[in-house]
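The primary structure of each chain is shown beneath.
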Amino acid sequence: TQPLPEGLGSDFITGLHATLSGAADALGDLDRRAGDGDFGTNVRTAMKLATGNLEADAPTTYRQWVSAMSMAWLGVGGTSGPLFGMFFRDLAKAGEEGAVPTLAQLADALAAGQAVVQKYGEAEVGDKTMIDSLAPAIAALREAIEAGAEPAAALADAERAAVEAARATADSTARRGRASYVGEVSKGVIDPGAAAMALVIGAARAAVDG
Ligand code: ADP
Ligand code: MG
Ligand code: MG
């Protein structure tokens, strides 16, 4: 498939860092209403660690940029810390070392990330987790690639699917993570992890869109 911009790693991670930092309070509110309330703190801690990693590592390649984000999440507690950490570790491995991945390689890496999150988190689609927005985003991306869409359009499809699916988590009951402890109380509240994952896909779209 078509090449992605040279600055993908830098634009993706810089943009995502800004987006997640800006959304931390709102994401924390969702976890307060439907979980144990620590997700906002976890996001803020991850972004603080990411800032430190980016300063220390001075990444130059896509893999280094995304690895800095992975290492940051791996340093955070909660369920989301290790799961996002492993997700970004697989996303960092997209394509060849030292090169920007193609769109198809990015889709494969997103799928590898989904698999590792499901391996350790044991969530299925519909359990009201980050998987709920990630799975349809990958499906939409693959469909767009198959149809020969331009990268920006394909990622826009993926983002739309992720946002729509994240919104739809309000209708489901949590079966994983701390939110599962409150059961039906989580009904009507968007899952913060699914919302955060939609922001990840959105940041990738923005990095390709220019
Ligand atoms: P915790 O639930 O341990 O307090 P966080 O508040 O850091 O963890 O993160 C909550 C988010 O993590 C949820 O919104 C959900 O999307 C995601 N999550 C929780 N458990 C799982 C799981 N087993 N698999 C996938 N995602 C999960
Ligand atoms: Mg929580
Ligand atoms: Mg917790």
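Residues numbered from 1 in each chain as written. Chains lettered and ligands numbered in written order. Predicted model: local features only at pLDDT ≥ 70, side-chain atom pairs only at ≥ 80, totals over all residues.

## Quick look at the overall build of the protein chain
Phase 1 of the analysis: Within the protein chain, the secondary structure is distributed over eight helices and zero strands.
Phase 2 of the analysis: Walking the protein chain from its N terminus toward its C terminus, one meets helices and strands in the order α-α-α-α-α-α-α-α.
Phase 3 of the analysis: Taken against the 2.2 N^0.38 rule, which gives 17 Å for 210 residues, the C-alpha radius of gyration of the protein chain at 16 Å falls within 12% of a compact globule.
Phase 4 of the analysis: In terms of principal-axis extent, the alpha carbons of the protein chain reach across some 45 × 40 × 30 Å.
Phase 5 of the analysis: Burial statistics for the protein chain: of 210 residues in total, 52% are counted as buried. (Helix = DSSP H or I, 4+ residues; strand = E, 2+ residues; numbered from the N terminus. Rg over C-alpha atoms; globule rule 2.2 N^0.38 Å. Buried ≥ 20, exposed ≤ 12 C-beta atoms within 10 Å, placed from the backbone.)

## Some details on the environment of Arg89
Phase 1 of the analysis: As for its placement among the helices and strands, Arg89 is situated in helix α4 (residues 80-92).
Phase 2 of the analysis: The spacing of Arg89 and Met71 is 18 residues in sequence and 7.9 Å in space, taken between C-alpha atoms.

## Here's the deal with the site of ligand 1
Phase 1 of the analysis: The environment of ligand 1 is made up of 25 residues, and the closest members are Gly78, Ser80, Gly121, Gly177 and Gly193.
Phase 2 of the analysis: The element best represented in the shell around ligand 1 is helix α8 (residues 192-209), accounting for three residues.
Phase 3 of the analysis: Along the lines of polarity and charge, the residues of the shell around ligand 1 split into nine nonpolar, nine polar and seven charged. (Near = placed C-beta within 6 Å. Nonpolar A, V, L, I, M, F, W, Y, C, P; charged D, E, K, R; others polar.)

## A word on helix α3 (residues 62-74)
Phase 1 of the analysis: Between the first and last C-alpha of α3 there are 18 Å, a value that for 13 residues agrees with the 18 Å anticipated at 1.5 Å per step.
Phase 2 of the analysis: Burial analysis of α3 places eleven of its 13 residues in the buried class, the great majority of the element.
Phase 3 of the analysis: Of the residues making up α3, those classed as buried are Tyr62, Arg63, Trp65, Val66, Ser67, Ala68, Met69, Ser70, Met71, Ala72 and Trp73.
Phase 4 of the analysis: Where α3 is buried, its residues touch α1 (8-34), α2 (39-57) and α4. (Expected span 1.5 Å × (residues − 1). Contact = placed C-beta atoms within 7 Å.)

## With respect to the packing of helix α7 (residues 151-168) against α8
Phase 1 of the analysis: Contact pair α7 / α8: the axes reach a minimum separation of 9 Å and the direction vectors enclose 165°. On the basis of their axis angle, the class for α7 and α8 is roughly antiparallel. Once α7 is placed against α8, the crossing between them reads as left-handed. Across the interface between the two elements, Pro151, Ala152, Leu155, Ala156, Ala158, Glu159, Ala162, Val163, Ala165 and Ala166 from α7 touch Ala194, Ala195, Met197, Ala198, Ile201, Gly202, Ala204, Arg205, Val208 and Asp209 from α8.
Phase 2 of the analysis: Counted by class, the contact of α7 with α8 contains 16 nonpolar, one polar and three charged residues. (Axes fitted to C-alpha atoms, helices over the stretch in contact; angles between N-to-C directions. Parallel < 35°, antiparallel > 145°, perpendicular 65-115°, else oblique. Left-handed = near helix turned anticlockwise from the far one by under 90°.)

## Side note on the environment of Glu6
Phase 1 of the analysis: Relative to the helices and strands, Glu6 is located in the segment before α1.
Phase 2 of the analysis: Each C-alpha atom of the pair Glu6 and Val208 lies 9.6 Å from the other, and the pair is 202 residues apart in sequence.

## Comments concerning the UniProt feature "domain: DhaL" (unreviewed entry) in the protein chain
Phase 1 of the analysis: Taking the numbering used here, the UniProt-annotated feature "domain: DhaL" (unreviewed entry) corresponds to residues 7-206.
Phase 2 of the analysis: Taken end to end, residues 7-206 comprises 70% helix and 0% strand; its first and last C-alpha atoms sit 12 Å apart. (UniProt positions renumbered as here; feature names shortened; annotations may be inferred.)

## Brief notes about the packing of helix α6 (residues 131-146) against α8
Phase 1 of the analysis: One can describe the packing of α6 onto α8 by two numbers: an axis separation of 7 Å at closest approach and a directional angle of 35°. Along the contact surface, α6 presents Asp132, Ser133, Leu134 and Ala137, while α8 presents Ala194, Met197, Ala198 and Ile201.
Phase 2 of the analysis: Partitioning the contact of α6 with α8 into residue classes produces six nonpolar, one polar and one charged.

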